[in-house]
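Descriptive structure summary
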Amino acid sequence: MKAVVYGGPFQVAVAEVPEPKLEAETDAIVEVELSAICGSDLHIYHGKIAGVLPGTVLGHEFVGRIVEKGPLVPLALGERVVGSFQVACGDCPACRKGQYFACLKGGVYGFGLALGNLQGAQAERVRVPFARTSLFPIGDLPAEEALLAGDILTTAYGGVRPFLEPGMSVAVVGSGPVGLMAQMVAHALGAGPVFAIDPEESRLEKAQALGSLPVHPKAEDPVARVRKATEGLGAYLVVEAVGGDGEALKLALRLAGPGGVVSSLGVPTAEKLEYPWLPAFSRGITLRSALANIPRWIEEVLALQRVGRLKGSFVFSHRLPLAEAAEGYRLFHERQATKVALVP
């Protein structure tokens, strides 16, 4: 079958790879209807994720139909499903506490040795371990909408929903795909003013279309802007949706008001960050940072999608055939695309 294969930094190609096979009674094989390139895939593309070896099939966002399954998979052959990017067994101590991101047996598709060494979903078919807790029926939801539930939309939902009460002020650092999803969720759940901070005008335009207040950090001081609009306090909830080297998180910590929460969703590439301990201590700031907990929140997200409360497919700027995946990575890397869908 054809799949997108990692060749090294800035090198991806579509190649023939072996067909996936059932390896356990809890496995399923999904024929991919649509996959996508995620911002965290760019960290691999840039060579910043250790343990992703040449030859790894990339991609962790997908929807499709079940074409094979083990006897312990309670889903039907032919059923249309979205895959959680996060594979979780559902039975280990972490999963039993609802902390699926810490599953002792799980992993992430296409993220190499450190995260389960699972082959990815930018392919014609993908093997899904622990399908009972890693696949979710989507019925007739459009593929572009359902795919978002498997990663960035539910990532954003889990980073906003536990901390937000109606009317609270929210600041989102980064208006890439995850940041835009976080803003959409905040608006849908009744937030007060939502500030969108990003240095790119095109992203700020999308944020403004959602009802957010755009803040260009090169044109004005975002901390001063947010505090002025919140009676000098700062935002109650700050969502950091960039990751990378930690500069966005430093800004997020400055934006938070007394008693506020900083919810860090961006995938970091730095192992350490100089933490502003004294200011955070004096203002009572809570920092929450973890790999997204997709199986915990995805059913709520799918329910909101089904009734039209969450519609995020606007984030896709390109829909390309799988054979043009390398071009999709280039466009995403050069910021000429907000999100790229790949059709096998």
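Calculation criteria
Residues numbered from 1 in each chain as written. Predicted model: local features only at pLDDT ≥ 70, side-chain atom pairs only at ≥ 80, totals over all residues. Heavy atoms only, no water. Buried < 20%, exposed > 50% of the residue type's maximum accessible area, 1.4 Å probe, protein only. Helix = DSSP H or I, 4+ residues; strand = E, 2+ residues; numbered from the N terminus. Pairing = 2+ DSSP bridges. Right-handed = clockwise from strand over helix to strand, strands pointing away. Phe/Tyr/Trp six-rings, centres within 6.5 Å; stacked < 30°, edge-to-face > 60°. Axes fitted to C-alpha atoms, helices over the stretch in contact; angles between N-to-C directions. Parallel < 35°, antiparallel > 145°, perpendicular 65-115°, else oblique. Left-handed = near helix turned anticlockwise from the far one by under 90°. Contact = heavy atoms within 4.5 Å. Nonpolar A, V, L, I, M, F, W, Y, C, P; charged D, E, K, R; others polar.

Things to note about helix H5 (residues 152-160)
Within H5, eight of the nine residues are buried, which leaves it mostly tucked inside the rest of the structure. Buried within H5 we find Ile152, Leu153, Thr154, Thr155, Ala156, Tyr157, Gly159 and Val160.

Here's the deal with the pairing of strand E17 (residues 340-343)
Here strand E3 (residues 28-37) runs beside E17; their pairing, made up of three bridges, is antiparallel. Looking across to E17, one finds that Ala36 is bridged to Ala341. Each parallel crossover has a hand, and the one from strand E16 (residues 318-321) via helix H12 (residues 325-333) to E17 is right-handed.

A look at the packing of aromatic side chains
Within the structure shown, the criterion is met by four aromatic pairs. On the basis of an interplanar angle of 70° and a centroid distance of 5.3 Å, the ring pair of Phe10 and Tyr45 is categorised as edge-to-face. Here the residue Phe10 occupies a position in the loop between strand E1 (2-8) and strand E2 (11-16), and Tyr45 occupies one in helix H1 (residues 39-45), the gap between them amounting to 35 residues. When its relative accessible area of 7% is taken as the criterion, Tyr45 is described as buried. Their ring planes at 90° and their centres at 5.4 Å tell us that Phe62 and Tyr109 sit as a pair that is edge-to-face.

With respect to the packing of helix H8 (residues 222-229) against helix H9 (residues 247-255)
The contact between H8 and H9 brings their axes to 9 Å, and the two run at 25°. Compared by their axis directions, H8 and H9 come out roughly parallel. Here H8 and H9 pass one another in a crossing that is right-handed. Residue-level contacts link Pro222, Val223, Val226 and Arg227 of H8 to Leu251, Arg254 and Leu255 of H9. Class assignment of the residues belonging to the contact of H8 with H9 gives a composition of five nonpolar, no polar and two charged.

Quick word on the packing of H5 against helix H6 (residues 177-188)
It is the contact of H5 with H6, at a shortest axis distance of 8 Å, that shows an interaxial angle of 55°. In terms of their interaxial angle, H5 and H6 are classed as oblique. Crossing geometry of H5 relative to H6 is assigned as right-handed. Contacts between H5 and H6 involve Ile152, Leu153, Thr155, Ala156, Tyr157 and Val160 on the former and, on the latter, Pro177, Val178, Met181, Ala182, Met184, Val185 and Ala186. Considered class by class, the residues forming the contact of H5 with H6 number twelve nonpolar, one polar and no charged.

Considerations on the environment of Leu115
Tracing the backbone shows Leu115 in the loop between strand E7 (107-108) and strand E8 (125-128). Counting along the chain gives 29 residues from Leu115 to Gln86, while the straight-line C-alpha distance between them is 9.5 Å. Among all residues touching Leu115, those that are not within four sequence positions of it are Gly107 and Val108.

Quick notes on the sheet that holds strand E15 (residues 286-289)
Taken in spatial order, the six strands line up as E12-E11-E10-E13-E14-E15 in an open sheet, and their pairing is parallel. Two strands bound the open sheet, and with one partner strand each, they are strand E12 (213-215) and E15. Pairwise comparison of adjacent strand axes, ignoring direction, gives a mean angle of 20° for this sheet. Along the sheet, H9 contacts strand E10 (170-173), strand E11 (194-197), strand E13 (235-240), strand E14 (256-264) and E15; its crossing angle with E14, the most-contacted strand, is approximately 150°.

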